[in-house]
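Per-entry structural report
These are the residues of each chain, in order.
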Amino acid sequence: MAGCAGPVPQAVVFGVLRTPTPTPAAAAPAPDPGCNGIQLTYNFESRTKIRPYVADRNKQPYSFKANATVLNSGTRPLKSWAMLVTFGYGEILVGVDGAVLTGGGEMPYNTTGDAGNATSFSGYPQTDLLTPIATAGDISRIQASVGIVGTLFAGPEPFGPRPPALSLDAPAYACPAATNVSSGILSTCCVLTPEAEANATVIDVNATDPTKNFLPRRTGDLVITYDVLQAYPSSYLALVTLENNAKLGRLDNWRLSWEWRRGEFIYSMKGAYPLEKDTSGCIYGPAGQYYKDLDFSQVLNCDKKPVILDLPLSRYNDTQIGKIDHCCRNGTILPKSMDEKQSKSAFQMQVFKMPPDLNRTKLFPPANFKIAGASSLNPDYTCGQPVPVSPTEFPDPSGLDSTTLAIATWQVVCNITTSKAAKPKCCVTFSAYYNDSVIPCNTCACGCPAKQGPTCSTTAQSMMLPPEALLVPFDNRTQKALAWAELKHYNVPRPKPCGDYCGVSINWHISTDYNNGWSARMTLFNWDNVDLANWFAAIVMDKAYDGFEKAYSFNSTTVGQNTIFMQGLEGLNYLVKQTNMSGSDYLVPGKQQSVLSFSKKLTPGINVVAGDGFPSKVFFNGDECSMPQRIPMSNSGFRTHLSSVLSLVLVLAASAFVLLHQ
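Reference entry: report on the structure contained in this document. (Residues numbered from 1 in each chain as written. Predicted model: local features only at pLDDT ≥ 70, side-chain atom pairs only at ≥ 80, totals over all residues. Heavy atoms only, no water.)

1. As for the sheet that holds strand β33 (residues 536-540)
The antiparallel open sheet is built from five strands, whose spatial order is β35-β36-β33-β41-β42. Of all the strands in the sheet, just β35 (554-559) and β42 (623-624) have a single pairing partner and so form its edges. Inspection of the sheet shows β35 paired to strand β36 (residues 563-568) by six bridges, in the antiparallel sense. Paired with T557 across the bridge in β36 is F565. (Pairing = 2+ DSSP bridges. Helix = DSSP H or I, 4+ residues; strand = E, 2+ residues; numbered from the N terminus.)

Rendered as structure tokens:
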């Protein structure tokens with residue numbers, strides 16, 4: 001009967017019925033004292049002494065093998081995991097399995113070059129680790145394993161050269177110092193910080209659907225979006241978009257590369273093309289054995305690390321390889337502050353896959369993206385690994401109020417980086433109407449060749465110049481600089497200083513100074529052998545910014561609170577390369593100039609002569625230029641001289657240069 005207890009079981013003992021004594025309830029097991037967060041483990045497996053053998057035992061090279069694991073023992077999925085390993089014995093990584101280097105480094109990889117000696121590993125192809133709750137503790141879905149092979153330098157055994165530290169490369173998690181679990185094994189348990197726990201978005205911890213709970217889209221100086229538009233069992237159609245978000249960074253003739261990690265190859269492309277059309281990797285490799293009936297003469301590229309170039313503008317309407325939005329600009333990507341319409345590049349490609357990925361839902365992006373420009377003035381970028389994000393929405397091409405979602409989308413964030421040893425690629429000279437000498441670019445402003453010999457000094461201060469010397473290449477300035485030093489009684493360094501070795505120099509000249517306003521003239525010199533199309537410049541005026549009125553021969557606009565952004569006028573936006581000029585026995589630089597006017601109404605107390613009229617920073621095509629270490633001092637005896645001489649020299653030279661190119 002419902003609601004009644006069932007009969008009490010009875011036991012038969014030698015034919016006698018007996019009711020058993022109730023068994024007391026078992027005590028609940030004690031909670032597991034282990035990790036309830038993200039457990040990181042590093043297992044130093046073995047090492048073998050290798051040649052060369054050296055006398056210093058602490059510098060002896062050994063080959064080593066290690067294994068690192070990331071285990072999600074918490075209640076939240078770990079998206080796009082990355083682990084930091086702090087190596088301490090000069091480790092050189094030769095092979096990594098189950099992950100890739102987050103910064104896209106190539107093997108062999110010297111870990112000592114990392115900031116703080118911390119090397120970041122990102123999961124690939126297993127980027128996400130689900131929770132034990134959502135997977136019933138399926139170890140294959142909650143744990144990732146990384147195999148590491150390399151070389152280290154340490155003392156003899158039994159000393160164990162273990163990493164000093166392990167941590168998650170994620171600011172939301174706090175990782176205590178790793179401890180020795182046993183000989184050769186380090187471990188730590190990372191947990192969400194209280195702030196991250198309080199601010200965490202509500203997600204379904206039991207969700208296993210890969211189309212949900214994406215990480216938020218990120219931003220950076222350059223963002224590469226990898227969209228899968230169509231998926232088939234053995235291939236897919238991808239759209240690759242490059243978007244420039246840097247305020248001043250730009251790319252000219254960009255070159256994009258990546259690494260296929262699953263045996264993929266490019267069958268066809270629209271909007272771009274590979275640097276090399278090479279199918280030998282397919283024909284003589286696993287792809288040729290699997291796709292036996294495929295005509296590989298139609299395949300575009302089988303390189304594991306292809307290099308992709310943009311198409312020229314003339315191919316935009318080509319129905320075979322063009323007709324892609326944002327394609328075909330000859331690799332030029334400008335900052336949005338200059339031209340938002342040209343801040344993107346895009347192309348499509350048909351990608352063939354290999355076993356075991358022959359499934360519509362088996363989709364993996366390439367890894368280790370790299371981007372660079374062909375111009376020496378383009379910035380250097382460091383790119384992260386692809387991160388899955390919410391599918392991109394595309395508007396309906398017919399104009400209907402509808403959107404189409406990509407099947408899968410990944411983002412690669414690239415940021416402009418400057419190494420400690422990096423040198424500027426442009427430099428600035430100063431001059432003024434109240435002083436008849438020009439302060440040139442610094443010695444070796446853009447770096448000096450490794451071998452200079454005894455003829456010039458890389459440390460001596462650059463020599464003052466007469467105005468006309470700005471139009472002369474450095475190698476032809478010696479006589480002018482020496483004659484000027486003798487005339488002005490300047491010291492001449494022994495040996496004489498080396499040149500600046502910059503492809504672009506910019507002269508900032510204070511032209512006038514009145515009670516109500518003042519003016520300056522900015523002249524660009526291109527000493528390179530390539531024309532600079534769609535150039536732009538930016539100057540930072542700390543004290544004179546509010547008084548800026550107009551640039552007369554450049555397009556100009558004010559940005560932020562202290563920066564003036566300039567570019568060439570339409571039809572005059574090419575800074576041409578250096579060339580021979582009639583009657584000259586040396587090359588003459590390409591140049592453009594403009595006068596800029598400033599008012600003193602909004603900058604009361606500004607002292608132009610004391611230095612307030614000079615910029616504190618100058619950028620050209622996104623690169624920060626080397627600035628002079630001095631400013632012109634007032635010299636009333638020569639105020640008129642420089643204003644007239646420098647103006648006459650530059651104006652006449654510019655006029656002759658224009659006539660020469662007509």
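Structure's up, so let's keep going.
2. Regarding the nonpolar core
It is characteristic of soluble globular proteins that their nonpolar side chains tend to be buried jointly. With 38 residues, the main nonpolar core has W508, I510 and F620 as its most contacted residues. Elements with a contribution of two residues or more to this core: β28 (426-432), β30 (504-513), β31 (517-526), β33, β34 (548-551), β36, β40 (590-599) and β41 (617-620). In this structure, F620 is in contact with L377, C426, V504, I506, L524, L532, W535, F536, A537, L575 and C625, ignoring residues within four places of it in sequence. By size, the runner-up hydrophobic cluster in this structure holds 32 residues, among which are Y42, F64, A99 and A154. (Core = buried A, V, L, I, M, F, W, Y, C linked by side-chain atoms within 4.5 Å. Buried < 20%, exposed > 50% of the residue type's maximum accessible area, 1.4 Å probe, protein only. Contact = heavy atoms within 4.5 Å.)

3. A closer look at the state of the cysteines
The full count for this structure, using the stated rule, is ten disulfides. Each sulfur in the disulfide pair C427 and C441 lies 2.1 Å from the other. On the sign convention where negative means left-handed, the S-S torsion of about 80 degrees between C427 and C441 marks this disulfide as right-handed. In this pair, C427 sits in strand β28 while C441 sits in the loop between β29 (435-439) and α6 (478-488), placing the two residues 14 residues apart along the sequence. By the burial criterion, C427 is buried, and C441 matches it. Here C446 pairs with C502 through a disulfide, and the sulfurs are 1.9 Å apart. (Disulfide = S-S within 2.5 Å.)

4. So, the pattern of salt bridges
Side-chain pairing between opposite charges can occur once the charged atoms of the two side chains come close. Enumeration over the complete set of coordinates arrives at eleven salt bridges. Salt-bridge contacts for E243 lead to K336; the nearest nitrogen and oxygen are separated by 2.9 Å. Taken together, the residues E243 in strand β16 (residues 235-244) and K336 in the loop between β20 (307-310) and β21 (344-352) connect sequence positions 93 residues apart. Here D612 ties to K543 by a salt bridge, and the two come within 3.5 Å at their closest N and O atoms. Of this pair, D612 sits in helix α7 (residues 608-612) while K543 sits in the loop between β33 and β34, placing them 69 residues apart in sequence. Given the relative accessible area of 55%, K543 is considered exposed. Overlapping salt bridges, with partners in common, bring together E259, R261 and K304 in one network. (Salt bridge = Lys/Arg side-chain N within 4 Å of Asp/Glu carboxyl O.)

5. Digging into the side chain of Q567
Along the chain, the position of Q567 falls in strand β36. Beyond its immediate chain neighbours, meaning those up to four positions away, Q567 contacts M338, W535, F536, F554 and N555.

6. Concerning empty space enclosed by the protein
This model, assessed by the stated rule, comprises one cavity of 30 Å³ or more. In this structure, the largest cavity is lined by T429, L470, R477, D500, S505, F525 and W527. Here the residues of the lining of the largest cavity sort into three nonpolar, two polar and two charged. (1 Å grid on protein atoms, 1.4 Å probe; cavity = no way out; pocket = protein on both sides within 12 Å on 5 of 7 lines; lining within 4 Å. Points joined across faces, edges and corners; volume = space filled by probe spheres on them. Nonpolar A, V, L, I, M, F, W, Y, C, P; charged D, E, K, R; others polar.)

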